[in-house]
Structures are given as C-alpha cells and as structure tokens.
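Observations on the three-dimensional arrangement
Listed below, chain by chain, are the residues.
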Amino acid sequence: MNPYVANTSRDVREMLAAIGVDAIDELFRDIRPEHAPRSFNIPDGKSEYEVMEYVGSLADRNASDLILFLGGGFYDHYIPPVIPSLISRGEFLTAYTPYQPECSQGTLQALYEYQSNICSLTGMDVANASLYDGGTALYEAMMMALRLNGRNQVVMDGGVSPIFRKMLRSYTSNLNIEFIEIDPSHGQSDREKIKDAVTEKTAAVILQNPNFFGAVDDHSDIAALAHDRGALIIQSVYPVALGMLKTPQEMDVDIVTGEGQSLGLPLSFGGPYLGFMATRRKFIRKMPGRIVGETVDTRGRRCFVNTLQAREQHIRREKATSNICTNVALCAVQASVYMSLLGRQGLKDLAQVNREKTEYLKTQLSLIEGVEVKRSAPTFNEFTIALPVDAAQVVERMIDFGFAAGYPLGRYYPSMTHYLVVAVTEKRTRAQMDQYCLSLRQVLDQAGA
Amino acid sequence: MKLIFEKTQSGRRGLSLPQSDVPEQKSMDSRYCRQEQLQWPEVTELDVVRHFTHLSQRNFSVDANLYPLGSCTMKYNPRFTEALAALPGFAGLHPLLPQLGRGYALTQGALQLLYEMESLLCEITGFDAFTLQPLAGAHGELTGVMMMAAYHKARGNHKTHIIIPDSAHGTNPASAAIAGYQTVAVPSNSDGVLDMERLREAVNDQTAGMMLTCPNTVGIFNSNIDHIARMIHEVDGIMYYDGANLNAILGRCRPGDLGFDVMHVNLHKTFATPHGGGGPGAGPVGVAGKLVPYLPISRVVKDEAGTFRLDYDEPDSIGYVASFYGNFAVIVKAFAYILLLGRDGLRQVGDHAVLNANYVQARLKGVFEAAYDRLCMHECVFSAVRQMEQGVHAVDIAKFLIDQGIHPMTIYFPLIVKEAMMIEPTETESRESLDFLIDAMLRAAALAGAQPDAMAAYPKTMPITRPDEVLAAKQMKVNYFAPCG
C-alpha cells in the first residue's frame, strides 16, 4: 500500500458519488484498453525500514572515506551542520518557485540576499537566482554573449575545465557556432595566441580563474583587447578563491559564472550543485534565469518579487533567454547561509588557510625525487605536478594508502599522462599532507622511479 | 524584515574555521589579489539561525499548507529519503572518484543505485534506456531535443521545426528554440485537445518531431495519442513526451507503449522529491531503441561479472549534458520512494491523484466555470469568467486563498484558458483537505458576488500585501550593494 495516500474506502465511495461515477477505473476512460501497459514489472513495495537498510547498504559500498586531494572544480570543504539544519526546514524545503510573493517572502528575500552576496563576491552589478551547475551556467553565459553581440565565434582557453568545454560543444552541435580552442602554455592561458585569435568576428572569450591546472591569472589584458574588438569576456571562477584573488570586475569581465558547490554544498557524487552567474547591469535583460528584485507592497513596505519575467520561458516561450524553469533555489539559499556564516573576514581567512596549506604541500612534494611542482604561475588551492611515471597508475596505488591523490590529466590532455592536479582544502591537516608525501614516495619507489 | 546585511556588526563571526597548522608561507603576489572589499555580513551563528528561521516562517510550504499548484505536483515529500541522501556514503562521495581506476570499485554502491534507478524508470515508462543526467525537467527537454537533432543528422534528414500544442508548458518551445529548431504551435479545439485538422496541416517533411504533454495542461488525456504518433512517425519525426504530468497515468499506461520515442521525468514532481523553493529537481530522460545510440555520456553499464561501470565510448552520443551523473542526491530520494511504493503503491498514486482532482472539479463546477465540462485527470482547470462579470479576476481569488492558509492554484496558465485557475491536489491530500480547499473557493466565489470590491484587498494576513511588480521591473534593484537607476 501507499502510506502517503489518505483516502479511505469510505472516502473513495463518497467522492466517486460526488463525481457521479461508480469506480475509479471510470475516471480513466480516455485511456483506452489498447493503451494499457505492456508490462509493469515493478517489485512489490517495501517497508520504510527495509528501504533504509537496502539503500543504506548501497551507500556503504562507496569509498567516501578516502582522504581527498582530488578537486577538479569540486572541493572537499567543511560544511558546518547548522547549514543542513536550516536548509532542511520544511518551509524552505517543500515550497516551490515563489510565484505568489505574499506567501513566499522567505525564499524571495533569501534569494535576493544570495544575489547580493554573489555580486559582492565577484564585484559585478547583478546576479541571477541560480542556474543548475557551473557547466550549464557557462553554457548559458556563452549563449547570452551570442545574443548580446550577434556574432557566432567563440574563443575558448584550453585551461577551462575540460568537462565544461565538452558540455559547451555538446549543447551547440546543432547550432552554427565556431569554436577556437587555445592550448594553454606552461599551465597558464597562452595570452598571445588568445589575443591573435580574437577578431571582429569573435562573440566571446571564455576563460577560467584559477584554471583547470590550478594556475591563477590576471586576465585584464585579454579583456581590454577583446573589448577593443567588440568581444565579451566570460570568466568561470572558483568562489572560495575570490576571498583572495582579483575579482572578475577588477579584470573588466563581462559575464561571470561558476560552480557554487564549494559554498556549503556536499559533493554528493555530482549534484545537486549550484551554477551562479553575474554580469553588468546593462546586460540584465539578456541574462537567463530567475531574478529577484526589491519593490514595495501596497502599504509601502519593502518586499521582494521575481522580476523581469518577460525574459523567461513561461511568458516568452520560444523567444525566452533560456528554457530554464526549475533552478536550484534551495542550493542558492544554502550557499547564502554559508556566505552569511563566513562573512567578509571568514572568507578571507578561509582563502588564506587554503592557500597556506597548499603552499606547504607544494614545498613538501618538491622535496620528493622525481616529482616536479609546476611553478610557472601562482596557484590558490590546487596545483599541477609532473611525475616520473604514469599519473593514473600512481593515483590507483595511492588508494591503498587511503588517498584520492588528485586528478590525473591524461584523460583530457593526452600529452600530459604524467601530470597530476592536486587539491588541498582547509580540512587537510599537516599530518595528512606529510603522510601523503610519505605514501607517494613509497609508490614511486615501488614503481622503480 | 531586515536584510542580513542590515544586521551586520563589524567583528562578529559566524563560524570557527580550521587554523593553519603549517609554517607561514610567502603571500600571493598582490597583482593577483582583490582590492575591492568583500561586503558579506558580519554576524554570529545565532544571528544566522534566527534570520533564516524567520525567513522560513514567511513561506508557505507543503509541510504547512495545502499547495494545489497546477502542473507542479506538490505532493508530500517523505523524510526518510532525506536521511538516505545525507548518508556520508553518498553525500561525501566525490564525483571524479570513478575515474581514479580500480575498476570502479570506489563507487560500486552509487553506480548500482543509478543502474537500478534507470531500470525502474524504464519499466514505469515503457522505454528501453534512460539517462539520469538532466538536472531538471527543462534540461531533460533540451537533452531530448538534442537527441532528436542527432537522430535526424545521422539519417541525413533535413528538418527545421518542432510541433508544439498551444497548451504546452513554456519550456517546450523554449527548449526547441535553443536547440536550433523553429516551433510551430498547433491550437487546441473546444474540447481542450489538439485540433487534429490543424495538426495535419502542420505536419510535413520538415517536421523534426512533436512535443506533447499527455494528459495535457488542461488535465485531459488525448485518446487519439497513438494516431498522432503515427502521423509524426510517417514523416520520420520524433515524438517527445513532456513528463510533467506523469503522476496522472502511473500504472495506467506508459508513454513508451503509446508511440512516444523520448520523454523526461520530473523526479521532483512524480517521485516526491522536495521542490526546495524552485529546485533542485531532476529530469531523467528515457528513449526508445532508435534513440539509444544518442544518449549522453557517460552511460551506466553492468558487465558480465556484475560490476557496474561507466561507459564513455559511445561514438554517436550527443556528448556531455551535465558534468557527471545528474542530481545524484535527488535521484537517491526518488529511488527510495519508488522502492517503498512498489507496483501497487505507484498505481495508487495515479488513481488517487485523479480521484482527488475530479472530486474538486465536481464540487466546484457549479460555481466556477469548468474550462472543459468533462472528467479530468490529475488536475482540473477553471476559468474565473463568471467572477469577472463582477470585476473579480483569477488573481483575486488566488490572493483570497492565501488568507485561508492555502497556497493558490496556478493562475493564468494554460494560456488557452481565459482567467485560468489550474488545481492539482495530488494524491497525498486527504478528503478533509480537499473539502477545506473547496470551502475556501466557495467562500471566495460568494465574496466575489457579494462584495467584489473587497477582493482586491487580499491577502491581508501575510507579512506583506500585494507587491508593486511594475516598480520592481522599473527600478531593477536586484543587488543590495548597488544603487538603483
């Protein structure tokens, strides 16, 4: 039986009588006999306890206890329990899109605060109320840039997450968009090649900071040149790093996107995450996604509503700026709780601790024979090392020592099979990092390197 | 209520962070560092807890209120599924772990869950394969349309447009358009279903496919559905099923058996995962055999040894639509819900969702104009035309309901019904709840007749009265830290 259905047999009888039919089957008369399911071999229902046990046993069969030096855009930051405690309040959890502002001020104000926090983080004027994740946000930014200047060529730095780059290619395979991908040089954007590629035909230049190798950059010069040629700059950013790094606004970026998972969201094997987007005020009408704005009620009190809805699919249909409807509002609120807890000094401190620990590990690793720490660019909390042997094999061995040792680059950069990207967060202790180095020495010794 | 930024006091902290346990390092070259001061609030943990608790109290929710929002399936969200999704074995799992070798040994439980979920969805909907990657319903639509395009490309078809009924959700034409197709809208007839004559005129060799909700957004199941599918298939078009209304037909029929080639499922509707104030959801996509080669990568597969793997080697695939395997935590919740209900429980979903909607329709149609005077499926649509004669609109009735503690129904959608009021009670509401809704609606109608001018003042008991939406759009104040204008 379905424990979530309340109707008793008496209710059913009386309701059917009110409707004027004899049986529930009669309500389905438009579904003709030939429409009946060819099969419906779903297992019998189970008790809640049995499901808890079974699904719990699946959870137990995952190596979630590995010590993570693995990042790649998705990081193992500390999530204080007060966050899930607030976010699991039914009033946030079981509401829907705030179509009725009078009984949705909680979600609306929380999203307004989220937008404001994202604006302050990035330095931009306006932000939307969320997109699905960092990759789809980057895709939406690209589409927005194409709409803004009517061109169809995109210059993309190869230092942008290879996963995101693949997504952009997939989404646009049926569209007339010309991609020019520029291989990074020594881990950093090859600015000369990028500058050469940007012409009067270029709609947008897509960059990432820090990039997939962990390299930190200042893209101001690329932005200036692109603007000269009428192109827009899109930058994908890592929010925690912005506690320290030059903001997109300070580099004169036009559209900022990013993966907000590190703002208090669990890794959860890939989602739900949080795509954020911020831009210049003058571009707001071309921005996709919901936007919460301030207004007043009939008595002049400040309140919040979904605004500029004429951009959206439920009004504009095929002419909408995006097809997005359900976004990840709860994740945005979750991030806003995290940003509020951290505060301005907290993020600065968090960024500092992340970088300090990372620098320590870099130094320790550089003492291992055969390991070369790439130092061509500054890094934040992720960096690339070159190993004397295949990095994927090293990573596989490191699992025995309890480490997810990093992301081997060979999968997406075939010429870089000996390179490993290593990530550190505030959760990693000096003891863990020392142990990591010891283990790596052993693995390399065994490999005869 | 104050914004959190208005509660800030310099020097307050809301979180104790791990301190550095390593020797001091040389700091970052300042040319890479931000100069602009961050303006996040400075508050204590208690400030944050009170702030967000008070905010939450300014929301209606399924937990506290009837929420018959049409087309959104605001059913009860069980809590045991939340506990499962939060288990460290799921919540702490890094999505790149499957790529670290060891024959996927690091994530067998998670991959098995995905594999079994795909199988369940295939059996529930009658399709041959599923991808769980799409992150919401509209994202599923886009994925489906991309596969449609890949199919036509592979067959050398030159197709330009997708046919969409005028009653469709706005996401359908939007998804078709961003994937590069033109859209052709086909009107509904006076019975609320697709006008077959107009459809026949619209279908031609340029037709890439058709996107359809069945039952549609006026709550009617189209008995001609197999006939429509044949018409589209005759021009080698693809039939897309918008699964937003799947709740109505669970166990009664399956889109895959009806002639559809591809569909998305909204896990946050039919399979009871919470809507979160507008997401996250999940929009898995199922396909019939001819579209299987185009499914996004990765695909979850089970090898002969019973090991679950991720297959990236699909040369015809449309590629990556999400970074990983979908909104995994949402999938866990929906999976647990399906296991608990089982075959009979799923059938009861559809049965009672439809019973409840018809009961509401039967009790209200004497007072409100039913958009279509016939049995409905999981939702019923009324028009406020009778009340409009007194100058009262659908929005006024909606706002009246708020003061009765009821989240309003969907209003002004579907667009084909004037002054539409679309009610979807779902199967989890009891008869007493439905009677409470019905009584409130009847009181609204009575007040609209007796004192129509009084209706514009609702709601009166909320933290705010009606907001000035025009001012919001005009001033565009969307960031606390930036001035207007």
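Residues numbered from 1 in each chain as written. Chains lettered and ligands numbered in written order. Predicted model: local features only at pLDDT ≥ 70, side-chain atom pairs only at ≥ 80, totals over all residues.

**Examining the overall build of chain A**
For chain A, the count of helices and strands is 14 helices and 15 strands. Each of the three principal axes of chain A carries a C-alpha extent, and together these read 85 × 55 × 50 Å. Counting over 449 residues, chain A shows a buried share of 60%. (Helix = DSSP H or I, 4+ residues; strand = E, 2+ residues; numbered from the N terminus. Buried ≥ 20, exposed ≤ 12 C-beta atoms within 10 Å, placed from the backbone.)

**Digging into the overall build of chain B**
A count of helical and extended segments in chain B gives 14 helices and 13 strands. The C-alpha extent of chain B, read off along each of the three principal axes, is 80 × 60 × 45 Å. Burial status across chain B gives 60% buried among its 485 residues. When contacts within chain B are restricted to residue pairs at least 6 apart in sequence, long-range pairs at least 24 apart make up 71% of them. (Contact = placed C-beta atoms within 7 Å.)

**A few points about the nonpolar core**
One finds Met142(A), Val205(A), Leu420(A), Met147(B), Ile331(B), Val332(B) and Met421(B) to be the most contacted residues of the largest nonpolar core, which totals 318 residues. By residue number, the principal contributor to this core is helix H10 (residues 328-364) of chain B, which donates 23 residues. Filtering out sequence-adjacent residues up to four positions away, Ile331(B) remains in contact with Leu114(B), Met117(B), Leu132(B), Leu267(B), Ala282(B) and Gly326(B). (Core = buried A, V, L, I, M, F, W, Y, C linked by C-beta atoms within 7 Å.)

**Brief notes about the packing of helix H3 (residues 48-60) of chain A against helix H4 (residues 108-125) of chain B**
Here H3(A) crosses H4(B) at 135°, and the two axes come no closer than 6 Å. The angle between H3(A) and H4(B) falls in the class oblique. Touching Leu58(A), Ala59(A) and Asp60(A) of H3(A) are Gly109(B), Gln112(B) and Leu113(B), all from H4(B). Looking at side-chain class alone, the contact of H3(A) with H4(B) contains three nonpolar, two polar and one charged residues. (Axes fitted to C-alpha atoms, helices over the stretch in contact; angles between N-to-C directions. Parallel < 35°, antiparallel > 145°, perpendicular 65-115°, else oblique. Nonpolar A, V, L, I, M, F, W, Y, C, P; charged D, E, K, R; others polar.)

**Section: the pairing of strand S6 (residues 262-265) of chain B**
All names here are of chain B. Both faces of S6 are covered, namely the face carrying Val262 and His264 and the face carrying Met263 and Val265. For strand S5 (residues 238-243) and S6, the ladder comprises four bridges, and the chain directions are parallel. Each bridged residue has a counterpart across the sheet, and for glycine 243 the counterpart in S6 is valine 265. (Pairing = 2+ DSSP bridges.)

**Brief notes about the interface of chain B and chain A**
The partner chain A presents 175 residues to the 181 residues of chain B that form the contact. For the side of chain B that touches chain A, the leading source of residues is H10(B), giving 24 residues. Its residues assigned to classes, the side of chain B that touches chain A comprises 101 nonpolar, 51 polar and 29 charged.

**Concerning helix H1 (residues 45-56) of chain B**
The end-to-end C-alpha separation of H1(B) is 16 Å, in line with the 16 Å expected for twelve residues at 1.5 Å each. Listed in full, the buried residues belonging to H1(B) are Val48(B), His51(B), Phe52(B), Leu55(B) and Ser56(B). Seen end-on, H1(B) carries its buried residues on one side only, within an arc spanning 130°. Against helix H4 (82-87), helix H5 (90-93), helix H6 (105-122) and helix H12 (329-366) of chain A lie the buried residues of H1(B). (Expected span 1.5 Å × (residues − 1). Arc of directions from axis to C-beta.)

**Quick notes on helix H12 (residues 394-403) of chain B**
Residue and element names in this part refer to chain B. With eight of ten residues buried, H12 is to be regarded as a mostly interior element. The elements touched by buried residues of H12 are helix H11 (385-388), strand S12 (410-411), strand S13 (420-423) and helix H13 (431-450). Just beyond H12, the residue with positive phi is glycine 405, at close to 80°.

**Thoughts on the sheet that holds strand S12 (residues 382-386) of chain A**
Residues and elements named next belong to chain A. Strand order across the open sheet formed by four strands is S11-S12-S15-S14, with antiparallel pairing between neighbours. Each end of this open sheet is capped by a strand with a single partner; those strands are strand S11 (372-373) and strand S14 (407-408). Where S14 lies against strand S15 (residues 419-423), two bridges are found, and the strand directions are antiparallel. Within S15, the residue paired with tyrosine 407 across the bridge is valine 421. Packed onto the sheet, helix H13 (residues 391-398) meets S14 and S15 and runs at close to 45° relative to S15.

**Remarks on the domain arrangement of chain B**
Residue and element names in this part refer to chain B. Under the domain assignment, chain B is made up of domain 1 (82-339) and domain 2 (343-470). Distance between the C-alpha centres of domain 1 and domain 2: 30 Å. Facing 19 residues of domain 1, the contacting portion of domain 2 comprises 18 residues. Tallied by class, residues from the side of domain 1 that touches domain 2 come to eight nonpolar, eight polar and three charged. (Domains from an automatic or database assignment.)

**Some points on the sheet that holds strand S1 (residues 129-131) of chain B**
All names here are of chain B. What the seven strands build is an open sheet, ordered S1-S7-S6-S5-S4-S2-S3; its pairing is mixed. Edge positions in the sheet fall to S1 and strand S3 (182-186), since each has one partner strand and no second. Recorded for the sheet is a direction-independent mean angle of 25° between the axes of neighbouring strands. Its contacts with the sheet place H4 against S1, S6 and strand S7 (285-287), and it is angled at close to 125° to S1. In the packing of helix H6 (residues 171-178) onto the sheet, the strands contacted are strand S2 (161-165), S3, strand S4 (207-212) and S5, and the crossing angle to S2 comes to about 175°.

**Topic: unusual backbone geometry**
For residues besides glycine, phi is generally negative; the peptide bonds are generally trans as well. Backbone torsion omega between Asn209(A) and Pro210(A) reads -10°, so that peptide bond is classified as cis. Tracing the backbone through its elements, the reader meets Pro210(A) in the loop between strand S5 (202-209) and helix H10 (220-228). Going from Tyr458(B) to Pro459(B), the amide bond is cis rather than trans, its omega being -5°. The backbone phi angle of Ser130(A) is positive, close to 120°, even though this residue is not glycine. For Met476(B), which is not glycine, the phi torsion reads 50° and is therefore positive. Checked against the element boundaries, Met476(B) lands in the segment after helix H14 (469-475).

**Some details on the domain arrangement of chain A**
For chain A, the domain assignment lists domain 1 (9-55), domain 2 (67-76 + 343-446) and domain 3 (82-338). A separation of 43 Å is found between the C-alpha centroids of domain 1 of chain A and domain 3 of chain A.

**Some thoughts on the packing of H3(A) against H10(B)**
The N-to-C vectors of H3(A) and H10(B) enclose an angle of 135°; their axes lie 9 Å apart at closest approach. Comparing their axes, H10(B) and H3(A) come out oblique. In the packing of H3(A) onto H10(B), the handedness of the crossing is right-handed. Residues Glu48(A), Val51(A), Tyr54(A) and Val55(A) of H3(A) touch H10(B), and the partners they reach there are Val332(B), Phe335(B), Ala336(B), Leu339(B) and Leu340(B). (Left-handed = near helix turned anticlockwise from the far one by under 90°.)

**Notes on the pairing of strand S9 (residues 308-311) of chain B**
Residue and element names in this part refer to chain B. As paired elements, strand S8 (residues 299-302) and S9 share four bridges and run antiparallel to each other. Paired with lysine 302 across the strands is phenylalanine 308, a residue of S9. Turn length for the S8-S9 hairpin, with the two strands adjacent in sequence and antiparallel, is five residues, and the turn residue glycine 306 shows positive phi of about 85°.

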